[in-house]
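This is what each chain is made of:
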Amino acid sequence: MIITIMVLELKAPEDTSLNSLLAKTPVFISYIVSFIYLGIYWNNHHHLFQITQWVNGKILWANLHLLFWLSLIPFTTAWIGEFYNETLPVIAYGVVLLFCAIAYFILQAQIIKSHGEEFPLRKVVGSDQKGKISIICYSLGVASSFFSTWLAIAFYAFVAILWLMPDRRIEESI
C-alpha cells in the first residue's frame, strides 16, 4: 500500500516536450530509490515473519513502529524528488531511512528476545553487521547533508546497494 501511495505522487509532465519529461528525472529517480528501499523492507519483513514461531504484543508494537516510519517514505520521497539540492529535504529523507532501520533493528531484536536460545533467527542475524553499517551510513548521510547533499544521497544509495543482495541465511533456515 505504501508503494501505491508513493506512485500516486508521481505527476505527469506539464506538456509533451522532452524537456518537460527530463525535468521530472529527479522525481523519478527518488521514486526508484524509494521503491527499492520499500522492496527490500518488504522482502526482509516477509522472511522475518516466516521464521518467527509466535507473535506477542511487544512484537506487534515493534512492527507497528516500523510501519509508521515506512509510511513516511512517500512524503520524503516526494520532497527530495522536488528539492534534491536542498538540505532539509535530504535530511528528512535520511532521518526517515535512519528510523526505518532502527525500527527494523528493534523489531528483529524483539522477535529474537521473544524466542528461545535455539531460535534460528538468533544464529542467522548474529551480530547484524549489515544492520549496524546501515544505521551508521544513514547517520553519516544525515550529518553530511549540512555540507553536501550529494554526499548524503551517496550514503543513502550505498545502503540500498548493500541490501540489494538478499541474505539467503533466513531462507535456508526456514
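Draft legend 1. Looking closely at the side chain of Ser-144. Structurally, Ser-144 can be placed in helix H8 (residues 129-144). Taking the relative accessible area as the measure of exposure, Ser-144 reaches 3% and is therefore buried. Beyond its immediate stretch of four places on either side in the chain, Ser-144 contacts Leu-151, Ala-152 and Phe-155.

Draft legend 2. Molecular detail of the pattern of salt bridges. Overall, the coordinates contain 1 salt bridge when judged by the stated rule. Here Glu-118 makes a salt bridge to Lys-123, at a shortest N to O gap of 3.1 Å. Judged by relative accessible area, Glu-118 falls into the exposed class, the value being 61%.

Draft legend 3. Broad picture of the packing of aromatic side chains. Here the structure, examined in full by the defined rule, presents 10 aromatic pairs. Relative to Phe-35, the ring of Tyr-31 has its centre 5.9 Å away and its plane inclined at 40°; by these criteria the two rings are tilted. A residue pair is termed a helical-turn pair when its members lie 3 or 4 positions apart in one helix, as Tyr-31 and Phe-35 do in helix H3 (residues 25-51) at 4 residues. Residue classification places Phe-35 among the partly exposed residues on the basis of a relative accessible area of 38%. For the pair Trp-69 and Phe-99, a centre-to-centre distance of 4.7 Å together with 20° between the ring planes defines the contact as stacked. In this pair, Trp-69 sits in helix H4 (residues 57-71) while Phe-99 sits in helix H6 (residues 87-113), placing the two residues 30 residues apart along the sequence. Members of the aromatic cluster, joined through ring pairs, are Tyr-37, Tyr-93, Tyr-138 and Tyr-156. Above the face of the Trp-163 ring, Lys-130 is positioned so that its terminal group lies 4.5 Å from the ring centre.

Basis of the calculations
Residues numbered from 1 in each chain as written. Predicted model: local features only at pLDDT ≥ 70, side-chain atom pairs only at ≥ 80, totals over all residues. Heavy atoms only, no water. Helix = DSSP H or I, 4+ residues; strand = E, 2+ residues; numbered from the N terminus. Buried < 20%, exposed > 50% of the residue type's maximum accessible area, 1.4 Å probe, protein only. Contact = heavy atoms within 4.5 Å. Salt bridge = Lys/Arg side-chain N within 4 Å of Asp/Glu carboxyl O. Phe/Tyr/Trp six-rings, centres within 6.5 Å; stacked < 30°, edge-to-face > 60°. Lys NZ or Arg CZ within 6 Å of the ring centre and 35° of its normal.

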